[in-house]
Amino acid sequence: MTTGAEDSLTTLETNKPLSESVLWRAQRSYFERVGIDAWRDATVPHYVTCNPALAHAMAQVVLGFLRDCNAGEARAGSEPFHVLELGAGSGRFAFLFLRALAELREVMGWSHVPIRYVMSDFTESNLRFWRAHPALRPFVTAGLLDFALVDVERMDGTLELLESKTMLGAGSLERPLTVIANYVFDGVAQDAFFIEKGQLSECLFTVATETPELDLSAANVLTRLRLASSRRAVHPDYYPEPELNGLLRGYTDRLDGGSVLFPAPALRCLEKLSALSSGSLFLLSADKGHLDEASLALEVDPQVTVHGSFSLPVNYHAFQQWFLRKGGEHICADHRQSSLVVAAFILGAPARGMPEARLAYHLAFNGPSPDGFFRLRQGLEAHYEMLEFEQLLAHVRLSRYDARILGDCLPAFSQKMTTLSAQERVALAQAIGRAWANYFHIGESRDLAFAFAACLYQLGESASALALFEESLVLYGEDPRTLWNLAMCLFALGRPEDAARALVKAGESFPLLHAHIGLLPKTG
Ligand SMILES: C[S@@+](CC[C@H](N)C(=O)[O-])C[C@H]1O[C@@H](n2cnc3c(N)ncnc32)[C@H](O)[C@@H]1O
């Protein structure tokens, strides 16, 4: 997507407020059309929000908040705490969050307190993918997980839970609702305003295309749109809602000048969601954006970033002000978060305050945080082969056994294989087991099951290697290299007949295999 008007283009619409732009329709079509493929081939970036370190940190904060809500209650109560994830995308964050929650509840002895996590999105195809996903099923069976179709821009105040067949409406929840929204508010409709010498103007967008018969549901449609902006002076009471106008007036009065994004649709959605639990709400959100008013105003009108879908920075400062004006609070980091802003916002805080949520946020995000770890990893990953075994293992452990990071470290571990002590071999095998437990399959091309299995075989862990080669067959099909390696494991386990059967199968599709001795690599 580029900005600036050009004569040869066909205009799709002229001078529309940003939140009413055709851009959002194109965005909607994009997510509806590509479904889970958006994450499978990493067109839509998601690693920074879908890793065990962030999921664990967020689970700590949510548990802190739930403990604050429960403080002083003699019994656990039978109504579950509801945790609603908006725009849950691939489902990987939810899976890692639920695993972290289970681990922390066990450590705390808090398994008796009922919690229901609700994954939501506005695309039905995402919901179908999650509901069929074997890694999510056990959470559904345990009554911990439900699903709902939720459109942030069209929230009507009800929530239909598909598994428990429950319809929630205003006042349905006795306990405060927790909402998680990662990389969501940057992709839902926003408005844009320009402020100059105390005068408020709205930014209007003209959208044009080089392709006259543009199909909004076509692939890469967003990259073919051209944007031009203009401004029109508007009355400070721009919105029907006085609280939104109050926020706008604050910017007009305080800011010297520049353009400001304004998340009116997201704030309206939060208003509706808070009504489910009679006005109380705990929002935990991660995105790229600004919490600080000083960094809000831009000299130019908003620029759109296209990455399959498109995104704009989130004005978290407006969220903070909106919560504050309603008597709420917020919790944020004591330093600049460079890869991802993570902040919590509360309406209707528990009577005894929120010491547990504040402590959990402080421990999880103000010290060794997921944001800091993410940056460090970016610098380190080109040098894994220079690290010693214990340094590599510490890196994997600090990632909270991230399957992707362990996969990236495997070549460096393999280099050291012949020099490892017995203890080191056991530690590496354990790390592989833990990282595999954190693996959530969405069909990416890299076969981590195969890579982990090959390493386990080298470590002499033939039974564990066999199990993962079998996983690889399930997830990536009957590849002769996998069958061959599986046969190696079966031989090592003293099962020659089974091994022979696997070899015959491997040889059927790849006769040259019979000349090979030892484990086969899988490079493509
Ligand atoms: C950039 S992805 C982020 C996915 C996931 N939370 C993550 O961190 O990887 C944005 C997600 O929000 C969903 N989404 C976009 N617009 C939405 C809307 N208006 N209402 C609800 N979900 C929306 C998309 O379908 C997609 O799953």
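The shown structure was predicted, so the numbers you read here are calculated from the model rather than taken from an experiment.

### Observations concerning the overall build of the protein chain
- Along the protein chain, the regular secondary structure elements total 18 helices and 19 strands.
- Along the first, second and third principal axes, the C-alpha set of the protein chain runs to 80 × 70 × 45 Å.
- Per-residue burial for the protein chain yields a buried fraction of 56% across its 524 residues.
- Looking at the protein chain alone, contacts between residues at least 24 apart form 77% of all its contacts between residues at least 6 apart.
- Just so you have it, the protein chain exposes about 22,400 Å², and 52% of that area is on carbon and sulfur atoms.

### Structural notes on the pattern of salt bridges
- Applying the stated criterion to the full structure yields 20 salt bridges.
- In this structure, glutamate 202 and arginine 232 form a salt bridge, with 2.6 Å as the shortest nitrogen-oxygen distance. Of this pair, glutamate 202 sits in strand β10 (residues 199-209) while arginine 232 sits in strand β11 (residues 225-233), and the two are 30 residues apart along the sequence.
- On the basis of relative accessibility, which here comes to 42%, the residue arginine 232 falls in the partly exposed class.

### Some points on the packing of aromatic side chains
- Applying the stated criterion across every chain, the model contains 27 aromatic pairs.
- Note on phenylalanine 193 and tyrosine 238: the rings are 5.0 Å apart at their centroids and 90 degrees apart in plane angle, and the pair reads as edge-to-face. Of this pair, phenylalanine 193 sits in strand β9 (residues 191-196) while tyrosine 238 is found in the loop between β11 and α7 (242-254), placing the two residues 45 residues apart along the sequence.
- On the basis of relative accessible area, phenylalanine 193 is assigned to the buried category, the value being 2%.
- Classification of tyrosine 238 as partly exposed rests on a relative accessible area of 24%.
- Aromatic ring contacts, followed pair by pair, group Phe185, Tyr316, Phe319, Trp322, Phe323 and Phe345 into a single cluster.
- Taking the ring centre of phenylalanine 81 as reference, the NZ or CZ of arginine 175 above it sits at 4.2 Å.
- Here the basic side chain of arginine 404 rests over the ring of tyrosine 47, its NZ or CZ set 4.1 Å away from the ring centre.

### Details of the domain arrangement of the protein chain
- Splitting the protein chain by domain gives domain 1 (2-28 + 189-259), domain 2 (32-187 + 268-367) and domain 3 (387-515).
- For domain 2 versus domain 3, the separation of C-alpha centres amounts to 34 Å.
- With 19 residues of domain 2 in contact, the opposing surface of domain 3 contributes 14 residues.
- Taking both partners together, domain 2 and domain 3 bury about 1,400 Å²; carbon and sulfur atoms supply 56% of that area.
- When the buried surface of domain 2 facing domain 3 is broken down by residue, Arg40, Tyr47 and Arg92 rank first, second and third, together holding 39% of it.
- In this structure, the connection of domain 2 to domain 3 is made through one salt bridge.
- Across the salt bridge formed by arginine 92 and glutamate 444, the nearest N and O atoms sit 2.7 Å from each other.

### Concerning the site of the ligand
- Around the ligand sit 19 residues, and of these Thr49, Gly87, Asp121, Val152 and Asn182 come closest.
- Side-chain polar atom of threonine 49 to an oxygen atom of the ligand: 2.6 Å apart, as the coordinates give it.
- Contact distances for the ligand include 2.7 Å between a nitrogen atom and a backbone N or O atom of glycine 87.
- Class assignment for the residues of the shell around the ligand results in nine nonpolar, six polar and four charged.

### Some details on helix α3 (residues 52-70)
- Taking 1.5 Å as the rise per residue, α3 with 19 residues should run 27 Å; its terminal C-alpha atoms sit 26 Å apart, in good agreement.
- Where burial is concerned, most of α3 is hidden: 17 out of the 19 residues are buried.
- Backbone nitrogen of alanine 53 and a side-chain oxygen of the N-cap are separated by 3.1 Å at the start of α3; the cap is asparagine 51.

### Some points on the pairing of strand β3 (residues 81-86)
- Counting buried positions along β3 gives six out of six residues, so the element sits mostly inside the fold.
- Of the two faces of β3, both are covered, the one formed by Phe81, Val83 and Glu85 as well as the one formed by His82, Leu84 and Leu86.
- Of the strand pairs in this sheet, β3 and strand β4 (residues 115-121) are connected by five bridges, and their pairing is parallel. Counterpart to leucine 84 in the pairing with β4 is valine 118.
- Here β3 runs beside strand β8 (residues 177-182); their pairing, made up of four bridges, is parallel.

### Points about the pairing of β9
- Of all six residues making up β9, five are buried, and the element is well covered by its neighbours.
- Taken together, the six bridges between β9 and strand β12 (residues 257-262) define a ladder with antiparallel strand orientation. By the bridge assignment for β12, isoleucine 195 is matched with glycine 258.
- Here four bridges tie β9 to β10, and the two strands are oriented antiparallel to one another. Among the inter-strand pairings, isoleucine 195 is bridged to a residue of β10, identified as leucine 200.

Rules of the game
Residue numbers here run from 1 along each chain, matching the order of that chain's written sequence. Totals for whole chains, interfaces and linings use every residue, but because this is a predicted model, local features are given only for residues with pLDDT of at least 70 and side-chain atom pairs only at 80 or more, for both listing and counting. Excluded from the side-chain calculation are hydrogens and water; included are all heavy atoms of the structure. Helix numbers and strand numbers start at the N terminus; a helix is a DSSP run of H or I with at least 4 residues, a strand a run of E with at least 2. Burial classes: relative accessible area under 20% of the type maximum marks a residue as buried, over 50% as exposed, and values in between as partly exposed (1.4 Å probe, protein chains only). In this analysis, two residues are considered to be in contact whenever any of their non-hydrogen atoms come within 4.5 Å of each other. Each accessible area is a Shrake-Rupley result for a 1.4 Å probe, and residues are judged covered by the shown protein chains and nothing else. Each salt bridge in this description consists of a side-chain nitrogen of Lys or Arg and a carboxyl oxygen of Asp or Glu lying within 4 Å of one another. Only rings of Phe, Tyr and Trp enter the pairing, Trp through its six-membered ring, and a pair is recorded when the two centres are within 6.5 Å. The plane angle decides the type: under 30 degrees is stacked, over 60 is edge-to-face, the rest tilted. Ring-over charges, as used throughout, are those where CZ of Arg or NZ of Lys falls within 6 Å of the ring centre and within 35 degrees of the ring normal. Annotation comment: domain bounds sourced from an automatic or database domain assignment. Buried area: the accessible area, evaluated with a 1.4 Å probe, that two parts lose upon being put together, summed over both parts. To be near a molecule or strand, a residue needs just one of its heavy atoms within 4 Å of it. Any N or O atom pair separated by 3.5 Å or less is treated as a polar contact, with the protein-specific requirement of one donor-capable and one acceptor-capable atom, and with residues adjacent in sequence counted only for side-chain atom pairs. Under the scheme applied, nonpolar residues are Ala, Val, Leu, Ile, Met, Phe, Trp, Tyr, Cys and Pro; charged residues are Asp, Glu, Lys and Arg; polar residues are all the others, including Gly. By definition here, a helix of n residues has an expected span of 1.5 Å times n minus one. Strands were regarded as paired on the criterion that DSSP finds at least two bridges between them.

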